[in-house]
Amino acid sequence: MTNPGTDPEETTENRIMHIRFATGNADRVEEALAALDRGDEPVPYLERVYRDVDNLHRVTRPKNLELLRVLASEQPESIRETARLVDRDVRQVHRNLEELEELDLISFESEGPGKPKRPHVWYDEIAVELPLTAGDGANEDSVEA
């Protein structure tokens, strides 16, 4: 999967992944479409929308946040190196990284069969937006604890 803004050389600004619950940012979509209509390249906007509160919880687990921080700051070359950096068992780290890949928050890169898989993030920061009222597009039943 190709992710917008994956090349850190493209910009000197922080690349922010916006994590939203229930509904995406329609205004940003409209801005991007308008830019395309004008023949301009839209400003990259990285967003993941989760409609299941359990997925939002999976993102914000302390162990997963620790992994995302290490991937962004240290850029480890393998799952094994990632596990060493967080001082955890490789199997546990691998399981958590696969979970983050399922959530579309990381990708794995490999130089070929038999080569180590390198976990990779294409953003520098996460901004979580969680509406507390149904007026923001969230179903009142969907935000139960």
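Model, not experiment: these values are computed from the prediction.

Caption draft 1: Representation of the confidence of the model for the chain. On average, residues of the chain carry a pLDDT of 83, and 83% of them reach 70 or more. A low-confidence stretch, residues 1-8 stays under pLDDT 50, and its non-local contacts, those more than four residues away or across chains, total 15 contacts. Confidence drops under a pLDDT of 50 for residues 136-145, and excluding neighbours within four residues, the segment shows 13 contacts in the predicted structure.

Caption draft 2: The nonpolar core, seen in detail. Counting residues in each nonpolar core, the largest one holds 25 residues, and the members touching the most others are Met 17, Val 93, Leu 97, Leu 100, Leu 105, Ile 106 and Tyr 123. For this core, the secondary structure elements donating two or more residues are β1 (16-21), β2 (46-50), α2 (53-60), α3 (62-74), α4 (79-86) and α5 (90-102). What Val 93 contacts, discounting residues up to four positions off in sequence, is Leu 67, Ile 79, Thr 82, Ala 83, Val 86 and Arg 88.

Caption draft 3: Molecular detail of a nonpolar patch on the surface. Residues Val 29, Leu 33 and Leu 36 make up a contiguous nonpolar surface patch of roughly 270 Å² in combined accessible area. Position of Leu 36 among the secondary structure elements: in helix α1 (residues 26-38).

Caption draft 4: Structural context of the packing of aromatic side chains. Inspection of every chain in the model, using the stated rule, returns one aromatic pair. When the ring of Trp 122 is compared with that of Tyr 123, the centres are 5.5 Å apart and the planes differ by 90°; the resulting orientation is edge-to-face. Judged on exposure class, the residue Trp 122 and its partner Tyr 123 are both buried.

Caption draft 5: Quick look at the pattern of salt bridges. This model, assessed by the stated rule, comprises twelve salt bridges. In this structure, the salt-bridge partner of Asp 40 is Arg 38, at a minimum N-O distance of 3.0 Å. Assessed through its relative accessible area of 36%, Asp 40 is described here as partly exposed. Classification of Arg 38 as exposed rests on a relative accessible area of 56%. Among the charged side chains, a salt-bridge network with shared partners connects Arg 58, Arg 61, Glu 99 and Glu 102.

Caption draft 6: View of the pairing of β1. Within β1, five of the six residues are buried, which leaves it mostly tucked inside the rest of the structure. Pairing analysis gives five bridges linking β1 to strand β5 (residues 125-129), with the strands arranged parallel. Residue pairing across strands places Ile 19 opposite Val 128, the latter belonging to β5. Relative to β2, β1 runs parallel, the two being bridged by five bridges. Along β2, the bridge assignment pairs Arg 20 with Val 49. Running through α1, the crossover from β1 to the neighbouring parallel element β2 is right-handed.

Reading the values: rules and limits
- Along each chain, numbering runs from 1 in the same order as the chain's sequence is written.
- Under the rules for a predicted model, residues below a pLDDT of 70 receive no local features and side-chain atom pairs below 80 are neither given nor counted, while totals for whole chains, interfaces and linings still include all residues.
- The side-chain quantities take in all heavy atoms of the structure and omit both hydrogens and water.
- Confidence scores labelled pLDDT are given residue by residue by the predictor and lie between 0 and 100.
- Any two residues whose heavy atoms approach within 4.5 Å are treated as being in contact.
- For this analysis, a nonpolar core means a set of buried residues of the types Ala, Val, Leu, Ile, Met, Phe, Trp, Tyr and Cys, connected via side-chain atoms within 4.5 Å.
- Exposure is judged per residue with a 1.4 Å probe applied to protein chains only, and the accessible area is read against the type maximum: over 50% gives exposed, under 20% gives buried, and values in between give partly exposed.
- Labels follow the DSSP assignment, with helices taken as runs of H or I lasting at least four residues and strands as runs of E lasting at least two, numbered in each case from the N terminus.
- Residues enter a patch when their relative accessible area is above 30% and they make no salt bridge; the linking distance is 9 Å between like charges and 5 Å between nonpolar side chains (Val, Leu, Ile, Met, Phe, Trp, Tyr).
- Computed by Shrake-Rupley with a 1.4 Å probe, the accessible areas treat only the displayed protein chains as cover when residues are assessed.
- Basic side-chain nitrogens of Lys or Arg form a salt bridge, by our definition, when they fall within 4 Å of a carboxyl oxygen of Asp or Glu.
- Think of it this way: a Phe, Tyr or Trp ring, Trp meaning its six-membered ring, pairs with another when their centres are within 6.5 Å, and the plane angle makes it stacked under 30 degrees, edge-to-face over 60, tilted otherwise.
- By definition, two strands form a pair when at least two bridges between them are found by DSSP.
- The handedness rule is simple: strands pointing away from the viewer, and a clockwise path from the first strand over the helix to the second, make the crossover right-handed.

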